[in-house]
Amino acid sequence: PPGSRVLDLPCGWGRLNPHLRARGLEVIGGDLSPLNLVKHRADHAVPLVRLDLRALPFRPDCADGVFCAFTSWGYFATEEENLKQIAEFARVLRLGGVLLLDLAGRTFLQSTLAGVEGDWLEFPDEGYQERVRWSPDGRRILTERLCQGEAFCHDIWIPTETQVQACLDQAGLKVTQVYGGLDGRPWAEEAERWIYRAIKT
């Protein structure tokens, strides 16, 4: 409800911020990237914190909600570290607080990348090229990006639906709803987005 305190983690440069504040929510953003935080601060006057998602600088039970959007879970090298991120979300939520976890659907990614894996793709409007491939064990997506002559690489764990549910359960978060898109459509294994609404119990 309006007046609730929500943490936008990671907040990036603030894409969610105006939507959350329009609902009357008190928003606190956190991100590791100084560049993201500078851009965020220029556009949105809200409290911001530079942080590591595995060790949040917030006291326990301080938030009514946590938003983790745009496939921002799975970047750490081990599944233990990725579970720690979820455990930290649970720690800072009050009893009954809500986590909204927005992930790319694994099955959708598998089908989408089947014909273009390893090819360089052009994104002229955004000004970069990118190629993507699955790791040899099929657990992570490896991304190479070229932007203005600079190379950037990252990889992310793409869990199965069973693995997501298990991690949330282990952290003490009860899944109450799973959506298949940002428009609230029902979940399906082949959906582009897997969006979990989980409550701290």
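This text goes with the structure placed above it.
Residues numbered from 1 in each chain as written. Predicted model: local features only at pLDDT ≥ 70, side-chain atom pairs only at ≥ 80, totals over all residues. Heavy atoms only, no water.

(A) Here's a closer look at the packing of aromatic side chains. All chains considered together, the criterion is met by three aromatic pairs. Centre to centre, the rings of Trp73 and Trp157 are 5.4 Å apart; their planes meet at 65°, and the pair counts as edge-to-face. Here Trp157 lies in strand S9 (residues 150–157) and Trp73 lies in the loop between strand S4 (63–68) and helix H3 (79–92), a separation of 84 residues in the sequence. Exposure remark for Trp73: the relative accessible area of 1% places this residue in the buried category. Overall, Trp157 belongs to the buried group, its relative accessible area being 3%. Taking NZ or CZ as reference, Arg15 lies 3.9 Å from the ring centre of Phe70, over its face. (Phe/Tyr/Trp six-rings, centres within 6.5 Å; stacked < 30°, edge-to-face > 60°. Helix = DSSP H or I, 4+ residues; strand = E, 2+ residues; numbered from the N terminus. Buried < 20%, exposed > 50% of the residue type's maximum accessible area, 1.4 Å probe, protein only. Lys NZ or Arg CZ within 6 Å of the ring centre and 35° of its normal.)

(B) Main features of the pattern of salt bridges. Under the defined criterion, the tally for this structure stands at 14 salt bridges. Of the charged contacts, one joins Asp64 and Arg94 as a salt bridge, the two residues approaching to 2.5 Å between their closest N and O atoms. You can see Asp64 sitting in strand S4 and its partner Arg94 sitting in strand S5 (residues 93–104), a full 30 residues away along the chain. Relative accessible area serves as the criterion here: at 34%, Arg94 is assigned to the partly exposed category. The network of salt bridges with common partners includes Asp52, Arg54 and Glu81. (Salt bridge = Lys/Arg side-chain N within 4 Å of Asp/Glu carboxyl O.)

(C) Representation of the environment of Cys11 in the model. Mapped onto the elements of the fold, Cys11 is located in the loop between strand S1 (5–8) and helix H1 (17–22). Overall, the relative accessible area of 6% leaves Cys11 in the buried class. For the pair Cys11 and Cys153, spaced 142 residues apart in sequence, the C-alpha to C-alpha distance is 20 Å. Ignoring anything within four residues of it in the chain, the contact list for Cys11 reads Gly29, Gly30, Asp31, Leu37, His40 and Leu48. (Contact = heavy atoms within 4.5 Å.)

(D) Geometry of the layout of surface pockets. By volume, the largest pocket amounts to about 1,800 Å³. Only S5, helix H4 (106–113), strand S6 (121–123), strand S7 (128–134), strand S8 (140–147) and S9 provide two or more residues apiece to the lining of the largest pocket. For the lining of the largest pocket, the per-class residue count stands at 26 nonpolar, ten polar and ten charged. Estimates place the volume of the second largest pocket at around 790 Å³. Taken together, the residues of the lining of the second largest pocket break down into 16 nonpolar, six polar and five charged. (1 Å grid on protein atoms, 1.4 Å probe; cavity = no way out; pocket = protein on both sides within 12 Å on 5 of 7 lines; lining within 4 Å. Points joined across faces, edges and corners; volume = space filled by probe spheres on them. Nonpolar A, V, L, I, M, F, W, Y, C, P; charged D, E, K, R; others polar.)

(E) Local environment of the nonpolar core. Of all hydrophobic cores here, the largest spans 33 residues; its most connected members are Leu99 and Leu101. If you list the elements that add at least two residues to this core, you get S4, H3, S5, helix H5 (161–170), strand S10 (173–179) and strand S11 (193–200). Among the elements that line this core, the one with the most residues is H3, at five residues. Beyond its immediate stretch of four places on either side in the chain, Leu99 contacts Val66, Cys68, Ile86, Phe89, Leu93, Leu168, Leu173, Tyr196, Arg197 and Ala198. Counting residues in each nonpolar core, the second largest holds eight residues, with Leu113, Val132, Trp134 and Ile141 among its members. (Core = buried A, V, L, I, M, F, W, Y, C linked by side-chain atoms within 4.5 Å.)

(F) Layout of the side chain of Arg193. Tracing the sequence through the fold places Arg193 in strand S11. Owing to a relative accessible area of 18%, Arg193 belongs among the buried residues under this scheme. Here Asp102 takes part through its side chain, which lies 3.0 Å from a polar atom of the side chain of Arg193. With near-sequence residues (within four places) excluded, Arg193 lies in contact with Phe70, Thr71, Asp102, Leu103, Ala104, Gly105, Tyr179, Gly180 and Gly181. (Polar contact = N/O pair within 3.5 Å; in protein donor to acceptor, adjacent residues only side chain to side chain.)

(G) Representation of the environment of Arg140 within the structure. Relative to the elements of secondary structure, Arg140 occurs in strand S8. Given a relative accessible area of 13%, Arg140 falls into the buried group. Each C-alpha atom of the pair Arg140 and Trp187 lies 22 Å from the other, and the pair is 47 residues apart in sequence. Those residues within four positions of Arg140 in sequence are excluded, and the remaining contacts are Gly74, Tyr75, Phe76, Ala77, Asn82, Arg133, Trp134, Ser135, Asp155, Ile156, Trp157 and Ile158.

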